[in-house]
Amino acid sequence: MKAKFALSALIVILLLVGAGMWLLSPARGYTRIDLENGTTGKAIAAAVLRDGSKIVLTWRNSLFDLDVTECFHSENGKLIQDEVTFADPRGQPAPEATAREVEDLYHTGGPFTAKGLNRPFSRIVYRVSEVGTPKMELGSRIVDFKQVVGFGGAVVLTTSHPRRFELLSY
């Protein structure tokens, strides 16, 4: 009788340990995105998104006075930038740029649009200017960076694979 109880207890313990390990393992097919205050380290927002979910960042480039839209999707624990548009202030369609030109165009200015970028990120630091008014659509929430960290502040975005137990709360 004692042996049967001990065996049953051992099986229950092994099942509990196995379930715990499974819940702590990375959840493939999902990406966790965390936004925190770059000065204080305080959490601003977090989301666990299915891979392929769209994330949009809009802001105004204060150097060139252009409205910017950056489109990303979540994939395998990362954020992938798909496209970016620095809108033409006259309302004209922005000229198309290649993926190779994008990095330089961020710094040299002028309207442009680029698609099919496939630029992966796991950490991005966003600096908040007086004019920029950056806002990020993160799942069903819109986070206004200037409102949460103020002028001169920074928002740090990091990505990771969520643990399976985190899927229960999102």
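Residues numbered from 1 in each chain as written. Predicted model: local features only at pLDDT ≥ 70, side-chain atom pairs only at ≥ 80, totals over all residues. Heavy atoms only, no water.

1. Regarding the layout of surface pockets
Estimated volume of the largest pocket: approximately 640 Å³. In terms of lining, the largest pocket is formed by 24 residues, of which the most central are W59, E70, Y106, V125 and Y126. Put simply, the parts of the chain that give the lining of the largest pocket at least two residues each are β3 (54-61), β4 (66-75), α2 (99-108), β7 (119-121) and β8 (123-127). Looking at the lining of the largest pocket residue by residue, the classes come out as 13 nonpolar, six polar and five charged. (1 Å grid on protein atoms, 1.4 Å probe; cavity = no way out; pocket = protein on both sides within 12 Å on 5 of 7 lines; lining within 4 Å. Points joined across faces, edges and corners; volume = space filled by probe spheres on them. Helix = DSSP H or I, 4+ residues; strand = E, 2+ residues; numbered from the N terminus. Nonpolar A, V, L, I, M, F, W, Y, C, P; charged D, E, K, R; others polar.)

2. Structural notes on the nonpolar core
Across soluble globular proteins, you tend to see nonpolar side chains buried next to one another. Of all hydrophobic cores here, the largest spans 20 residues; its most connected members are L35, I55, Y126, M136, L138, F145 and L157. When residues of this core are traced back to their parent elements, those giving at least two are β1 (30-37), β2 (43-50), β3, β8, β9 (135-138), α3 (145-149) and β11 (154-160). For this core, the element with the highest residue contribution is β2, accounting for four residues. The contact partners of L157, leaving out residues within four places of it in the chain, are I33, D34, L35, L79, S122, R123, I124, Y126 and M136. In terms of nonpolar packing, the next biggest core, distinct from the first, is built from eleven residues, V68, V84, A97 and L105 among them. (Core = buried A, V, L, I, M, F, W, Y, C linked by side-chain atoms within 4.5 Å. Buried < 20%, exposed > 50% of the residue type's maximum accessible area, 1.4 Å probe, protein only. Contact = heavy atoms within 4.5 Å.)

3. Describing the environment of L117
Note that L117 resides in the loop between β6 (112-114) and β7. The sequence separation of L117 and C71 amounts to 46 residues, and the corresponding C-alpha distance is 9.9 Å.

4. Some words on the sheet that holds β1
Overall, antiparallel pairing links the four strands, which are arranged β2-β1-β11-β8 in an open sheet. Sheet topology places β2 and β8 at the edges, where each strand pairs with a single neighbour. Put simply, the sheet's adjacent strands are angled 15 degrees from each other on average, direction ignored. Pairing of β1 with β11 involves six bridges; the strand directions are antiparallel. (Pairing = 2+ DSSP bridges. Axes fitted to C-alpha atoms, helices over the stretch in contact; angles between N-to-C directions.)

5. Comments concerning the packing of aromatic side chains
Under the criterion given, the structure shown has five aromatic pairs. Look at F72 and F121: their rings are 6.5 Å apart centre to centre, the planes differ by 75 degrees, and that puts the pair in the edge-to-face class. With a gap of 49 residues between them, F72 in strand β4 and F121 in strand β7 connect regions that are remote in the sequence. A centroid spacing of 4.7 Å and a plane angle of 20 degrees characterise the contact between F86 and F112, whose relative ring orientation is stacked. Within this pair, whereas F86 is found in strand β5 (residues 78-86), its partner F112 is found in strand β6, the two being separated by 26 residues in sequence. Accessibility classification places F86 together with F112 in one group, the buried group. Among the aromatic residues, those joined into a ring-pair cluster are W59, F86, Y106 and F112. (Phe/Tyr/Trp six-rings, centres within 6.5 Å; stacked < 30°, edge-to-face > 60°.)

6. Let's talk about the pairing of β5
Pairing analysis gives eight bridges linking β4 to β5, with the strands arranged antiparallel. Paired with F72 across the strands is Q81, a residue of β5. Hairpin remark: β4 followed by β5, antiparallel, with two residues in the connecting loop; positive phi at N76, about 55 degrees. Looking at chain direction, β5 and β6 are connected through three bridges and run antiparallel. Note that in β6 the partner of V84 across the bridge is A114.

7. Description of the confidence of the model for the protein chain
In this model, the protein chain carries a mean pLDDT of 87, and residues with pLDDT of at least 70 account for 85%. At the low end of the mean pLDDT range in the protein chain sits helix α1 (residues 2-24), at 61; at the high end sits β5, at 97. (pLDDT = per-residue confidence, 0-100.)

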